[in-house]
Each structure stands twice: as structure tokens, then as C-alpha cells.
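Tertiary structure, described
One-letter residues, chain by chain:
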Amino acid sequence: MTKHAEQAKLTLYNSLTKRKEAFEPIDPNNVRMYVCGPTVYDTAHIGNARPVVVFDMLFRLLRHTYGAEHVTYVRNITDVDDKINARAADRGISIRELTEETTALYHADMDALGAMRPTIEPRATEHIDEMLSMIGTLIEKGHAYAAEGHVLFAVDTMKDYGELSGRSIDDMIAGARVEVAPYKRNPMDFVLWKPSKEGEPSWPSPWGAGRPGWHIECSAMSEKHLGEEFDIHGGGIDLTFPHHENEIAQSRCAHGNHTMARVWMHNGFVQVEGEKMSKSLGNFTTVHDLIDHWPGEAIRLALLTTHYAKPFNWTADGVREAKKILDQWYALTADVEASVPDEAVIAALADDLNTPKAIAELHGLRSKAQGGDREAAARLKASLQQLIGVLAQDPKDWASWRPADAAKVDETAIQALVDERLDARNNKDFAKSDELRDTLAAMGVALKDSKNKETGQFETSWTLKD
């Protein structure tokens, strides 16, 4: 354990125990974290990006605290799934072609958000043997049964099933979409293995050719790469039930352990402009589209302005403000060598990843840097680069960024916005003037103001950035 571990006093909210706890790794020399990754059938939306950014922050903090060589982060790729099969069929391409294409897009999009690659990124299809072994163990121990080519987990063999979600079996039946099937002993029993339909991926097994259920995949992959018990398991709150609940059931019953992961962490839901994200509402926001209009670091910072456990509302104003803040940070630290992260920033993040508090501390450093405190600027830069995961670009490259479609912007529309901003400025409506300036900057428009000596009014010219 490094000296930072003593300073940080890391505490995390544990969804399993429903309280914030001091984090004590099983082995400080091998801190282990598993996070549920994407099902690669489509491009990632902003809701998919939130856990990536949140747990990348935690990965960075753990590396800072315990040393980079002492942290193992596993995030899986689910490349066998009903949605994948359906999408490949719709597009008339092979499942492998679809998953390779979508995985490459996912990597590119998450790289743009400044997310470090996990230590290990296992694919479900490469761990079928581990899944079959775990299923066999569950059958041997009386926790699973084979029926009509399926293998199902027997929920009633686990006394405290539902501990993570905090719901009883009756409540879970009432609130879940439970598949009714004659081969099930209990409506809540869930699939570990199932027969494959024609054209679907299929592997041989003792129970017939087929493919794994979703939940067994993560149990098998986490055991393979992190062991039967590890430190942290993370994901979106939507995975709490049934996915994470079922992971716990499978892993604990297979291994006879009291815990699978000691700490369970869940990030909150994401809305878009105050509404649930939905294709039918026309607000389905993919990261791939967003990075055409905003720098990836601005998207990342916007996601971090709200505490990870709370619901997050994605807005254009929010990412615009994040871009503005980053402009200031880049300018202030352009000619400064990073030193070490600021202790107050570390303390804020160590308190259950309190990013709003950390950002407030960063603003305090910014104010000191603006006053000429170069040590504050050096700590600001180190904190932003090493912990927050921004300021990774050359300042000149950052300053020259503009949207991918800036060249296609309607010049008449630009001029209208420039005129509106000029009117606001001349009328001393500075809030509106600043808002329109930021809007134009995001469109790749550079403004130059001058004052007419005769009228005393401001005039503005504009150009598109190169």
C-alpha cells in the first residue's frame, strides 16, 4: 500500500449493505474491480457512457492510492445475446461482423471520453468452458437443474436471494417480466443455459447444443480473472435486478462463499433534457453523435458534475458550460508543468467519488492560478490529468477544435446569432451575450469585437476556425 492510501481514507457507498463504508481491499497489493461492459449490438448512448466514466474515475483513484501495478480492472464485452442475433439478422451480416464493428466503435467512443482501457477486457464467447464448468458445479450442489435442453438456477435454494435489491421473492415476481415456461419449477428460476435456434451461435454441452444465459457470463468471467471473491463490482442501477442479483446467486452458490464482491456500486439513471431517453421521443443521444458536436473531454466533465449515485440530466447547456470550464483550465495551465494532485481534490474523490466537491476544489485552484499562484496551477493540472481524466490534449489542439460539421453551418444562421449576441451586448444583457458567444464557439465560430468610436456601440466580425 502506498502512502496515498493512508491519506485518502477511501469510503464508498455499498449497494449491498446500503451504507457508506471505509474501503478495505482484500489484498492491498491486488485491488480487484469488475464492471459490466457493453452488449455490442449498437453504438453506445450517453447512458452507457456514464458507468464507463464513473468507474474510470474510480480506477484512476485506486491506481493513485494503491499504485498502478496493484489494481486490476476487468470490464467485459457481451458478444452473445438475443439483441445481437436480431440486429445481425436485420442487417444481413454475420454475428461476428456485427460484434467486431460495434466493439471497435465502442472503443473509439470511450477513448474519446478519456476513459482508460481496463486491465482485462474479456469476451463472453471466449469463456464458454468456464461457464459450462460453473453450471455443472451448480447442478452438482443442487442449485440448478436441467429441463428440456435448458439449465435453470433454482432460486428457492438460496435463502437470502434478493439481498442486493432489497426485495422479497413475491415483490420480484410482481415487478419483473418473468418468463412463463412449463419446464420451470419456480417462476423466478432463471436460465443458465438454453438451446440455440437455427442460425444462432451454438456450443456443445452436457445438456445439448446451445448458448449461455446472460447472467452466467459475468459470474464466469469475473471468477476467471479476479477470483471467487473480489473487492468491487460496479454497473448502472438498472442492472441491480435481475442481473447483479443473479450474478451473486450463481457465484455464491457455486463457490460456497458469503460474498462475491465485497462492495457493490451503482450509478444513477440518465435523462436527456429532463426526459427519459427514448428513440420515440427523438432524444436518443449516442456518444458517437455527440463527439461530432462537442469535445470528448467536455462530455466527460459534464457527466462528472453530478454525483455518480444520483440521476443525471444531460443538457446542451451542461456540456456547453463544461466546454467553457475546460477552455479556462487549458489556458491557465498551458505553460505549467504538472506537479502532484491536490490533497483537497483527492479527499473529495475519496469520499465516495464526490465529483461536485472535487470540481469545487478545482475551481478554487483555478482562482489561485488566475492570481499568479503557479504551484496551484501545477496542482490543478496534475489533478485534472491524473484523476479527473481531462487536459490530455495539447493546448493548441484544444483551442483549434471545432465541430465536425462546422464547415456545413449555414452562414445566414451564424450571422443571425452574431447579430442577436451583438444586440444583447450593446443592451448590456451580458448573460445572454455570453450564452450566445458560447453557442457560436461550439459551432466553430471565432468572434472579434471592436468599438465604434463615433457611436460608442460594439461591432462584431466573425470567422470559422481552421
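Each remark here, short or long, concerns the structure printed above.
**Section: the sheet that holds strand S8 (residues 210–212)**
- Read from one edge of the open sheet, four strands run S5-S6-S7-S8, paired in antiparallel fashion. This sheet does not close on itself; its edge strands, each paired only once, are strand S5 (144–147) and S8. The mean angle between the axes of side-by-side strands here comes to 20°, regardless of whether they run parallel or antiparallel.
- Pairing of S5 with strand S6 (residues 150–153) involves four bridges; the strand directions are antiparallel. Looking at S6, one finds that Ala146 is bridged to Val151.

**Observations concerning empty space enclosed by the protein**
- One pass over the full model with this rule turns up two cavities of 30 Å³ or more.
- Here the largest cavity defines a volume of roughly 50 Å³.
- The wall of the largest cavity is formed by Val54, Met57, Leu303, Leu304, Thr306, His307, Tyr308, Leu353 and Thr355.
- Every element with two or more residues in the lining of the largest cavity is listed here: helix H2 (46–66) and helix H10 (296–304).
- Residues of the lining of the largest cavity, tallied by class, amount to six nonpolar, three polar and no charged.
- Taken as a whole, the second largest cavity encloses approximately 30 Å³ of empty space.
- What lines the second largest cavity is Leu16, Met158, Asp160, Tyr161, Gly162, Glu163, Leu164, Glu245, Ile248 and Arg252.

**Quick notes on the pairing of strand S7 (residues 190–195)**
- Bridging between S6 and S7 involves three bridges; their strand directions are antiparallel. By the bridge assignment, Val151 is partnered in S7 with Trp193.
- Pairing of S7 with S8, which is carried by three bridges, proceeds in the antiparallel orientation. Residue pairing across strands places Lys194 opposite Arg211, the latter belonging to S8.

**Some words on helix H16 (residues 411–426)**
- Relative to the 22 Å expected for 16 residues at 1.5 Å per residue, H16 spans 22 Å between its end C-alpha atoms, a close match to the ideal helical length.
- Listed in full, the buried residues belonging to H16 are Ile414, Val418, Arg421, Leu422 and Ala424. Taken around the axis of H16, the buried residues stretch over an arc of 160°, which confines them to a single face.
- Those residues of H16 that are buried are in contact with helix H17 (430–442), strand S14 (445–451) and strand S15 (458–464).
- Note on H16: the residue one or two positions beyond its end, Lys428, has a positive phi of about 65°.

**What to know about H10**
- The element H10 is largely enclosed, with a buried count of nine among its nine residues.
- Looking at H10, one finds that the buried residues are Gly296, Glu297, Ala298, Ile299, Arg300, Leu301, Ala302, Leu303 and Leu304.

**Observations concerning the pairing of strand S10 (residues 261–267)**
- Of all seven residues making up S10, six are buried, and the element is well covered by its neighbours.
- Note that strand S9 (residues 230–236) and S10 share six bridges and pair parallel. Paired with Phe230 across the strands is Ala261, a residue of S10.
- A crossover links S9 with its parallel partner S10, the connecting element being helix H8 (residues 240–255), and its sense is right-handed.

About the thresholds
- Residues numbered from 1 in each chain as written.
- Predicted model: local features only at pLDDT ≥ 70, side-chain atom pairs only at ≥ 80, totals over all residues.
- Heavy atoms only, no water.
- Pairing = 2+ DSSP bridges.
- Helix = DSSP H or I, 4+ residues; strand = E, 2+ residues; numbered from the N terminus.
- Axes fitted to C-alpha atoms, helices over the stretch in contact; angles between N-to-C directions.
- 1 Å grid on protein atoms, 1.4 Å probe; cavity = no way out; pocket = protein on both sides within 12 Å on 5 of 7 lines; lining within 4 Å.
- Points joined across faces, edges and corners; volume = space filled by probe spheres on them.
- Nonpolar A, V, L, I, M, F, W, Y, C, P; charged D, E, K, R; others polar.
- Expected span 1.5 Å × (residues − 1).
- Buried < 20%, exposed > 50% of the residue type's maximum accessible area, 1.4 Å probe, protein only.
- Arc of directions from axis to C-beta.
- Contact = heavy atoms within 4.5 Å.
- Right-handed = clockwise from strand over helix to strand, strands pointing away.

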